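An overview of the molecular structure
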Amino acid sequence: MKTILITGATQGLGRATAQTLAEDGHTLILHGRDGAKLSEVAAELRQVGAEVSTELADLSDLSEVAAMAARVTQSHPQIDVLINNAGVFKTTLTEAGGRDVRFTVNTLASALLAERLLPVIAQDGRILHLSSAAQAPVDPQALAGARKLQHMEAYAQSKLAITLWNQSFGDTHPDGPVSLAINPGSLLATRMVREGFGTSGNDLAIGVDILTRAALSEEFAEATGRYFDNDAGRLAPRYDTATADAVAAQINTLLTQV
Ligand SMILES: NC(=O)c1ccc[n+]([C@@H]2O[C@H](COP(=O)([O-])OP(=O)(O)OC[C@H]3O[C@@H](n4cnc5c(N)ncnc54)[C@H](OP(=O)(O)O)[C@@H]3O)[C@@H](O)[C@H]2O)c1
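Overview of the structure.

1. Thoughts on the overall build of the chain
Along its length, the chain carries nine helices and ten strands. A compact globule built from 258 residues should have a C-alpha radius of gyration of about 18 Å, and the chain, at 17 Å, falls within 12% of that. In terms of overall dimensions, the chain has a C-alpha envelope of 45 × 40 × 35 Å along the principal axes. Taken over 258 residues, the chain has a buried fraction of 50%. Contacts in the chain between residues far apart in sequence, at least 24 positions, make up 70% of those at least 6 positions apart.

2. As for the site of the ligand
Around the ligand, a shell composed of 29 residues is seen, among which Gly8, Gly12, Gly87, Thr190 and Met192 lie nearest. Contributions of two or more residues to the shell around the ligand are made by α1 (12–23) and α7 (191–197). Class assignment of the residues belonging to the shell around the ligand gives a composition of eleven nonpolar, 13 polar and five charged.

3. So, the sheet that holds strand β8 (residues 178–183)
Strand order in the open sheet formed by eight strands is β3-β2-β1-β4-β7-β8-β9-β10, and the pairing between neighbours is mixed. Bordering the open sheet on either side are β3 (52–56) and β10 (234–235), each of which pairs with just one other strand. Taken together, the five bridges between strand β7 (residues 121–130) and β8 define a ladder with parallel strand orientation. Along β8, the bridge assignment pairs His129 with Ala181. Across the sheet, helix α2 (residues 35–47) is in contact with β2 (27–32) and β3; its angle to β3 comes to roughly 170°.

4. Describing the pairing of β7
Judged by how many residues are buried, β7 sits mostly within the fold: seven of ten residues are covered. In terms of strand pairing, strand β4 (residues 79–84) meets β7 through five bridges, oriented parallel. Bridge pairing links Asn84 to His129 in β7.

5. Focus: the packing of helix α4 (residues 101–117) against helix α6 (residues 151–172)
Direction vectors running N to C along α4 and α6 enclose 15°, while the axes themselves pass 7 Å from each other. The angle between the axes of α4 and α6 places the two elements in the roughly parallel class. Where α4 crosses over α6, the handedness of that crossing is right-handed. Taking contact as the criterion, the partners of Arg102, Phe103, Asn106, Thr107, Ser110, Ala111 and Ala114 in α4 are, on α6, Ala154, Tyr155, Ser158, Lys159, Ala161, Ile162, Trp165 and Phe169.

6. Looking at α1
For α1, built from twelve residues, the straight-helix expectation of 16 Å at 1.5 Å per residue is met to within 8% by its first-to-last C-alpha distance of 17 Å. Among the residues making up α1, those that are buried are Gly12, Leu13, Gly14, Arg15, Thr17, Ala18, Leu21 and Ala22. Those residues of α1 hidden inside the fold are in contact with β1 (3–6), β2, α2, β4, α7 and α8 (205–216). After α1 finishes, the residue Gly25 shows a positive phi value of roughly 95°.

7. Re the packing of helix α3 (residues 62–75) against α4
Across the interface, α3 lies against α4 with an axial gap of 9 Å and an inter-helix angle of 30°. Considered as vectors, α3 and α4 are oriented roughly parallel to each other. The handedness of the crossing between α3 and α4 comes out as right-handed. Contacts between α3 and α4 pair Leu62, Val65, Ala66, Ala69, Val72 and Thr73 from the former with Thr104, Leu108, Ala109, Leu112, Leu113, Arg116 and Leu117 from the latter. Residue composition of the contact of α3 with α4, by class: ten nonpolar, two polar and one charged.

8. Some remarks on the environment of Val41
As for its position among the elements, Val41 is in helix α2. Along the sequence, Val41 and Gln11 sit 30 residues apart, while their C-alpha atoms lie 8.8 Å from each other.

9. Some points on the nonpolar core
Ranked by internal contacts, the top residues of the largest apolar core, which has 78 residues, are Leu28, Leu82 and Ala161. Not counting residues within four places of it along the chain, the set of residues in contact with Leu82 comprises Leu5, Leu113, Ala114, Leu117, Ile121 and Ile127.

10. Structural notes on unusual backbone geometry
A cis amide bond, omega 0°, links Gly176 with the succeeding residue Pro177. Mapped onto the elements of the fold, Pro177 is located in the loop between α6 and β8. With phi around 55°, Leu187 is a residue other than glycine that occupies positive phi space. One can find Leu187 in the loop between β8 and α7.

Definitions and cut-offs
- Residues numbered from 1 in each chain as written.
- Predicted model: local features only at pLDDT ≥ 70, side-chain atom pairs only at ≥ 80, totals over all residues.
- Helix = DSSP H or I, 4+ residues; strand = E, 2+ residues; numbered from the N terminus.
- Rg over C-alpha atoms; globule rule 2.2 N^0.38 Å.
- Buried ≥ 20, exposed ≤ 12 C-beta atoms within 10 Å, placed from the backbone.
- Contact = placed C-beta atoms within 7 Å.
- Near = placed C-beta within 6 Å.
- Nonpolar A, V, L, I, M, F, W, Y, C, P; charged D, E, K, R; others polar.
- Pairing = 2+ DSSP bridges.
- Axes fitted to C-alpha atoms, helices over the stretch in contact; angles between N-to-C directions.
- Parallel < 35°, antiparallel > 145°, perpendicular 65-115°, else oblique.
- Left-handed = near helix turned anticlockwise from the far one by under 90°.
- Expected span 1.5 Å × (residues − 1).
- Core = buried A, V, L, I, M, F, W, Y, C linked by C-beta atoms within 7 Å.

Written as structure tokens, this is what we have:
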């Protein structure tokens, strides 16, 4: 049985994945930004017999992400899987930390958590970053906070940014842990899809299944740095290495300021 940290575990895909992992007997570290919701979910998962601890942090504030990583490394000598699931698409609060909140939460918080937790993530463990079929070339000016973007553009750039960062991370950490970017499937039935696209969405189990497999199955043991597109049901071709490394370098520079 594994120790698995999952962010954004209080609803949607994160909540549903946590349920499956709990029922399968894994030890969970549940992250949320709302203390009441987090306690409620933790209590529900303890009902199915899971060992559960909780971590409260607003991922739009990178100092909270860093503090959470410091607490987790103190309290857990080993984590087997980190699932960077929390994400934001349409929101009224579009700015956080001097840049678009989509970059802060979907890209920088995920990269920062992976970097800071790395000392306690098992070498044969896994890091999953939630990506998306929505991907757009990353504008360095927008990532730096110097240019504003519309909702979809910001979301799509933030998702390609973490996907490219993941590829570069894979290239620089060939001995593990295995790190993957995952599109869990498009238009799955969550709040993000209801509010963002006005549709009830597809079966959430499609996303839960791929996240569970990516977290635990041997089929991904050699896939570090890759992007798995669950709409196509396969690993996508690698991205251009120079482009990925340039985006990753900018992200890593921004993270040194946290
Ligand atoms: N649903 C899809 O079809 C789809 C497709 C591709 C990719 N994805 C990705 O899958 C992931 C999960 O999305 P979802 O569809 O389950 O959406 P969701 O229902 O809106 O859930 C998003 C989760 O992220 C958390 N979150 C958002 N902003 C946060 C912040 N500033 N600090 C801490 N937590 C924050 C939310 O916390 P609260 O519970 O407190 O609101 C919630 O738990 C996202 O990364 C999304 O981009 C989803």
